[in-house]
Amino acid sequence: MPEHFHVKPSDVSERQVTVSGEEARHIATALRHKRGDRVVFVDGQGGEYECSLEAVSSFSVTARIINRSRKGREPIRQVTLAQAVPKGTRMDLVIEKGTELGVYGFIPLVSQNSVIRPEGGLPVPGEAGEGRQARWQRLAVAAMKQSLRSVLPKIHEPTELAKLWDQCDAYDLALMADESEKRLSVARAFSELPANKEVRRVLCIVGPEGGFSEEERQRAADKHVRLVTLGPRRLRAETAGLALAALALAQLGELG
Ligand code: SAM
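Keep in mind it's a predicted model, so treat the numbers as computed, not measured. (Residues numbered from 1 in each chain as written. Predicted model: local features only at pLDDT ≥ 70, side-chain atom pairs only at ≥ 80, totals over all residues. Heavy atoms only, no water.)

Engineer: How do you make sense of the site of the ligand when you look at a structure like this?
Structural biologist: Neighbouring residues of the ligand: 19 residues in total, closest Ala-177, Glu-179, Leu-230, Gly-231 and Arg-233. Interatomic distance of 2.6 Å between a backbone N/O atom of Ala-177 and an oxygen atom of the ligand. Within the backbone of Leu-235, a nitrogen or oxygen atom sits 3.0 Å from a nitrogen atom of the ligand. Here the ligand has 580 Å² of accessible area as a free molecule, and 85% of this is covered by the chains. (Near = heavy atom within 4 Å. Polar contact = N/O pair within 3.5 Å; in protein donor to acceptor, adjacent residues only side chain to side chain. Areas by Shrake-Rupley, 256 points an atom, 1.4 Å probe, with all protein chains shown as cover.)

Engineer: Before we go on, may I ask you to explain the pairing of strand β10 (residues 173-177) in this structure?
Structural biologist: The two faces of the sheet receive side chains in turn, since in a regular strand these alternate between them. Of all five residues in β10, five are buried; the element is thus mostly enclosed. Residues Leu-173, Leu-175 and Ala-177 of β10 are buried on one face, and the alternating residues Ala-174 and Met-176, pointing to the opposite face, are buried as well. In the sheet, β10 pairs with strand β11 (residues 201-206) via four bridges, with the strands oriented parallel. Each residue of the ladder has a partner; that of Met-176, found in β11, is Ile-205. Where β10 lies against strand β12 (residues 226-228), three bridges are found, and the strand directions are parallel. Opposite Leu-175, over in β12, you have Arg-226 as the bridge partner. (Buried < 20%, exposed > 50% of the residue type's maximum accessible area, 1.4 Å probe, protein only. Helix = DSSP H or I, 4+ residues; strand = E, 2+ residues; numbered from the N terminus. Pairing = 2+ DSSP bridges.)

Engineer: Before we go on, may I ask you to explain the domain arrangement of the protein chain in this structure?
Structural biologist: The figure often quoted for interface size is the accessible area lost as the parts come together. Under the domain assignment, the protein chain is made up of domain 1 (4-70) and domain 2 (78-251). Between the C-alpha centres of domain 1 and domain 2 the distance comes to 32 Å. Contacts between domain 1 and domain 2 engage 11 residues on the former and eight residues on the latter. Across the interface of domain 1 and domain 2, roughly 700 Å² is buried in total on both sides, 61% from carbon and sulfur atoms. The interface formed by domain 1 and domain 2 contains one salt bridge. A salt bridge links Lys-145 to Glu-23, with the shortest nitrogen-to-oxygen separation between them at 2.8 Å. Where domain 1 packs against domain 2, one counts six residue pairs in polar contact (both at pLDDT 80 or more). Within the residue set of the side of domain 1 that touches domain 2, elements represented by two or more residues are β1 (4-6) and β4 (47-56). (Domains from an automatic or database assignment. Contact = heavy atoms within 4.5 Å. Buried area = accessible area lost by both parts, 1.4 Å probe. Salt bridge = Lys/Arg side-chain N within 4 Å of Asp/Glu carboxyl O.)

Engineer: Mind showing me how you'd approach the layout of surface pockets here?
Structural biologist: It is the rolling of a water-molecule-sized probe over the atoms that shows where space remains empty. There is about 510 Å³ of room inside the largest pocket. Taken together, 27 residues form the lining of the largest pocket, with Glu-179, Arg-234, Leu-235, Arg-236 and Ala-240 sitting closest to its centre. Looking at the lining of the largest pocket, the element that brings in the most residues is helix α7 (residues 237-251), giving three residues. Residue composition of the lining of the largest pocket, by class: 11 nonpolar, five polar and 11 charged. Roughly 280 Å³ of volume is contained in the second largest pocket. (1 Å grid on protein atoms, 1.4 Å probe; cavity = no way out; pocket = protein on both sides within 12 Å on 5 of 7 lines; lining within 4 Å. Points joined across faces, edges and corners; volume = space filled by probe spheres on them. Nonpolar A, V, L, I, M, F, W, Y, C, P; charged D, E, K, R; others polar.)

Engineer: Teacher, can you tell me more about the side chain of Thr-229 here?
Structural biologist: Within the fold, Thr-229 resides in the loop between β12 and α7. What makes Thr-229 buried here is its relative accessible area of 14%. Polar contacts involving the side chain of Thr-229 include one to the main-chain amide nitrogen of Gly-231, which spans 2.9 Å. Among residues more than four places away in sequence, those in contact with Thr-229 are Asp-178, Glu-181, Lys-182, Arg-183, Leu-184, Ser-185 and Val-186.

Structure representation (C-alpha cells):
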C-alpha cells in the first residue's frame, strides 16, 4: 500500500502534484523516497492522486499524476460529533480516532457543566505552543493520511450547546448520549425511524465529565433530539464520543 501524503488542492494541476514544507521534508528526508517511487497524495476534499515521484528534495517534491480517483474510502453518509471538550488533551484522542472511524466533522462543545470554557476559542496551547484548533487540525490531517481517507474532517469553532439546538434541524437524526436514558439504544433509535426516511446526516452529542443538566435534557426533548444509552457502564466523555459515533456509522453501514 503506497504511503499517503497531504497536498493542498491548489497545488494539484492537471498532470502534477507539488508539495513543500513539512510534507516535502517527510517524503525526502524522513522516508527517503526517491524519483520513481509510487505514492498517493490526498487533497482533503476527496481527491486521491496516485503519483510517481519526479523531483525530490527536502524543500519541494513534484510528482506526476498516474491515476486520480475520488473518495475511495470516504463514508457516503455523514456523522458529525458534537463533543463536550474533555479536560486535558483527551479531545486529541476523539479527533484522531474519530477521523479514523470516518467522522465527517467535529464540533467542540461547551455545555453548562463543561470544565473547559470557550473564552478566546479554547486558547490552551498544545505541545508546540499552538492553539487547540491548530493542534486538532494537525491531528486530523495525520489521521486522515494514516487511515487512507481523502476528506479532511471539518473542525468547527467551539460551540455552546445552547446554540447547537438551532442547528439540529439540519440533520436527519440527532442523538444525545445520556446515562439517564435506560431504554433507547442507538440501534433502536434508528429502527424507530419511519421506513421511508432517508438518513444522510447524523448529529451525535456527548456531554462533559459532569454530564448534561436537566435543562439541557429538556431542550433536547423539545428539539426532537433522541437521548440514547451506551449501556449500563459509565464511560469517560471521550470513550462515549467514539462509541456513539461508531455505533451511528455502523447503523449507516459505513463500518463494513
Ligand atoms: N454525569 C455522569 C456522572 O457524573 O455520573 C458522567 C458523565 S460521562 C463521564 C460524560 C458523557 O459521556 C455523558 O454526558 C454522556 O454523554 C456520555 N456517557 C457516558 N456513559 C454513558 C452511558 N452509559 N450511556 C449514555 N451516555 C453515556
